[in-house]
Amino acid sequence: MPPVPVLSSLPTGRTARRLEWVHLPPHVRALVEARLGSPVVGARTRTAGYTPEFSSVLTTAAGTRHDVHAASVTAQRAFAGALGGRAATLATLPAGVPAPRLRWVDGADATGRPTAEWVVLETEHHEGRMPLRPWDLREVGSALDSLERAAALLTPAPSAPAAPGIGDEIAGWPELWDDVRVLLPGMAEHLDEAVDLAASCAEATTGDTLVHFDLRDDQILVRPDGTVLLAGWDCPVRGAAWIDTVLALLGPRGDGHDADALLATRPLTREVPVAHVDALLALVAGWSLRQSGLPAPTASPYLRDLQRWQGEVAWTWLAQRRGWI
């Protein structure tokens, strides 16, 4: 049976409501310019993503370009903490991992804990763009190639900073199914099975690979040569090497690609038991659908739409794999 597409109405590449260069306090702008070694003469705000912190490509008077990110600990505490965590992770990624390298960070210690009013960091600037939507199959392949290279280099997971094990990270997620049963009318006879699958996910996904665990198209950079970099790295976990491959295929699956055919051919997933993949899909479906029912944050007006779409993709994929539809 062909995949059941779940078409998205999200405005791809235009989902973020961010701080801009002129919004940063003078002392933060001065800090950035001192780090860059030249005055900033241009700023292109990144409009993709679902968080409100500052994220821009800055051009200096010297003609150089820089990817700079910043968040206020007072006004954007969670996002400042996430930036600190990103810096700590990027600083320890082995050479060869297809991810932008950390240039510098200010306002966070080596563990990612904020130590100042603002967390500010720069990552390597690379020319590139988000993947095409609907997904182009060649770019799907490039993204999966990068995930396989990353998994090879991130097994075993770096010891510092210590990422949580996936079992600890998702401990309460299976219970969220109690809040989303009403969102899936007509599927009542299968919901208990989905809950049981989600409850088995911690065991099914255990491992010692550093897993990105937050892959979406806005975290993927396609370079002019067609290769892919994996951006973000705010909330990695230790788990099975194949997790990111399944999560990365949610977007292509929603766009109508045969994700199961891809799983069957890729080295990280072709020997993974069917029930293990289903457990991850059940977990993601329950978490995403539950989150989509929460109030929309003012600073991220499309976040709940994204989560509803991801939940529906994961659910229809799971239901088709299990023969429920």
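Residues numbered from 1 in each chain as written. Predicted model: local features only at pLDDT ≥ 70, side-chain atom pairs only at ≥ 80, totals over all residues. Heavy atoms only, no water.

Describing the overall build of the chain
This is how it is decided: Here a helix means four or more residues in a row that DSSP labels H or I, a strand means two or more in a row labelled E, and each is numbered from the N terminus. Categorising residues by exposure relies on relative accessible area from a 1.4 Å probe, with only protein chains included: less than 20% of the type maximum marks a residue as buried, more than 50% marks it as exposed, and the intermediate range marks it as partly exposed. In this description, contact between two residues means that some pair of their heavy atoms is separated by no more than 4.5 Å. Asp and Glu count as negative and Lys and Arg as positive, but His and the ends of the chain are not part of the count. A charge is said to be at NZ when it belongs to Lys, at CZ for Arg, at CG for Asp and at CD for Glu.
Counting its secondary structure elements, the chain contains 11 helices and nine strands. Taken over the C-alpha atoms alone, the chain extends approximately 60 × 40 × 35 Å along its principal axes. Taking all 325 residues of the chain together, the buried fraction comes to 52%. Across the chain, the fraction of contacts at a sequence separation of at least 24, relative to all contacts at a separation of at least 6, is 71%. When the 29 basic and 38 acidic side-chain charges of the chain are each reduced to a single mean position, those positions are 6 Å apart.

Digging into the pattern of salt bridges
This is how it is decided: Any carboxyl oxygen of Asp or Glu that lies within 4 Å of a side-chain nitrogen of Lys or Arg is treated as forming a salt bridge with it.
As enumerated under the stated definition, the model contains 20 salt bridges in all. Between Asp 217 and Arg 133 there is a salt bridge, and its shortest N-O distance comes to 2.5 Å. Remark: Arg 133 occurs in the loop between strand E5 (118-123) and helix H3 (137-153) and Asp 217 occurs in the loop between strand E6 (209-211) and strand E7 (220-222); sequence separation between them is 84 residues. Between Asp 278 and Arg 321 there is a salt bridge; the shortest N-O distance is 2.5 Å. Taken together, the residues Asp 278 in helix H10 (residues 274-292) and Arg 321 in helix H11 (residues 303-322) connect sequence positions 43 residues apart. Here the salt bridges share partners, and the residues they tie into one network are Glu 193, Asp 260, Asp 278, Arg 321 and Arg 322.

Considering the nonpolar core
Side chains of nonpolar character tend, in soluble globular proteins, to be buried together. Let me state the cut-off plainly: Put simply, buried Ala, Val, Leu, Ile, Met, Phe, Trp, Tyr and Cys residues joined by side-chain atoms within 4.5 Å make one nonpolar core.
Among the nonpolar cores identified, the biggest contains 71 residues, and Trp 177, Phe 213 and Trp 315 are the most heavily contacted of them. Excluding residues that lie within four positions of it along the chain, Phe 213 makes contacts with Ile 166, Glu 169, Ile 170, Trp 173, Cys 235, Val 237, Ile 243, Asp 244 and Leu 247. Of all hydrophobic cores here, the second largest spans 13 residues; its members include Leu 24, Val 28, Phe 54 and Trp 118.

Quick word on the packing of H10 against H11
Inclusion rule: In this description, a line fitted to the C-alpha atoms serves as the axis of each element, helices being fitted only across the stretch in contact, and the angle between N-to-C directions of two axes falls anywhere from 0 to 180 degrees. When describing relative orientation, an angle under 35 degrees is termed roughly parallel and one over 145 degrees roughly antiparallel, while 65 to 115 degrees is termed roughly perpendicular and anything else oblique. Each crossing gets its hand from how the near helix is turned against the far one by less than a right angle, where anticlockwise is left-handed and clockwise is right-handed. Three classes are used: nonpolar for Ala, Val, Leu, Ile, Met, Phe, Trp, Tyr, Cys and Pro, charged for Asp, Glu, Lys and Arg, and polar for all others, with Gly counted as polar.
Where H10 contacts H11, the two axes come as close as 7 Å, and the packing angle between them is 150 degrees. With respect to their mutual orientation, H10 and H11 come out roughly antiparallel. Where H10 crosses over H11, the two elements pack in a sense that is left-handed. In this structure, H10 contributes Val 274, Val 277, Asp 278, Leu 281, Ala 282, Val 284, Ala 285, Trp 287, Ser 288, Leu 289, Gln 291 and Ser 292 to the contact, and H11 contributes Arg 304, Gln 307, Arg 308, Gln 310, Gly 311, Glu 312, Ala 314, Trp 315, Trp 317, Leu 318, Arg 321 and Arg 322. Along the lines of polarity and charge, the residues of the contact of H10 with H11 split into 12 nonpolar, six polar and six charged.

Brief notes about the pairing of strand E2 (residues 54-60)
Test applied: A pair of strands is labelled paired if DSSP reports no fewer than 2 bridges between them.
A large share of E2 lies buried, amounting to six of its seven residues. Relative to E2, strand E1 (residues 40-45) runs antiparallel, the two being bridged by five bridges. Each bridged residue has a counterpart across the sheet, and for Thr 45 the counterpart in E2 is Ser 56. In this sheet, strand E3 (residues 65-72) lies alongside E2 in antiparallel orientation, the contact comprising six bridges. Paired with Leu 58 across the strands is His 66, a residue of E3. Taking the residues that link successive antiparallel strands as the turn, the E2-E3 hairpin has four residues, and the phi of Gly 63 there is positive, at about 90 degrees.

Overview of the sheet that holds E5
Whenever strands of a sheet pair, they do so through backbone hydrogen bonds, lying parallel or antiparallel. Judged by pairing direction, the sheet is antiparallel, and its five strands sit side by side in the order E1-E2-E3-E5-E4 without closing on themselves. Each edge of the sheet is formed by a strand with only one pairing partner; in this case those strands are E1 and strand E4 (102-106). Across the sheet, the axes of successive neighbouring strands diverge by a mean angle of 25 degrees, strand direction being ignored. Strands E1, E2, E3, E4 and E5 of the sheet are contacted by helix H1 (residues 26-36), whose axis makes an angle of about 145 degrees with E4. Across the sheet, helix H2 (residues 77-92) touches E3, E4 and E5, and the angle it forms with E3 is around 135 degrees.

A closer look at H3
Quick note on the threshold: The length a helix should cover is 1.5 Å for every residue beyond the first. What qualifies as a polar contact is a pair of N or O atoms within 3.5 Å, subject to a donor-acceptor requirement within protein and to the restriction that residues adjacent in sequence count only when both atoms come from side chains.
Between its terminal C-alpha atoms H3 stretches 25 Å, which fits the 24 Å expected from 17 residues at 1.5 Å a residue. Looking only at H3, the buried set comprises Glu 139, Val 140, Gly 141, Ser 142, Ala 143, Leu 144, Ser 146, Leu 147, Glu 148, Ala 150 and Ala 151. Among the residues of H3, the N-terminal cap falls to Asp 136, whose side-chain oxygen and the backbone nitrogen of Arg 138 are separated by 2.9 Å.

Comments concerning the environment of Leu 303
With respect to the helices, strands and loops of the structure, Leu 303 is situated in helix H11. For Leu 303, a relative accessible area of 18% puts it in the buried group. Linking Leu 303 and Thr 15, residues 288 residues apart in sequence, is a C-alpha distance of 8.1 Å.

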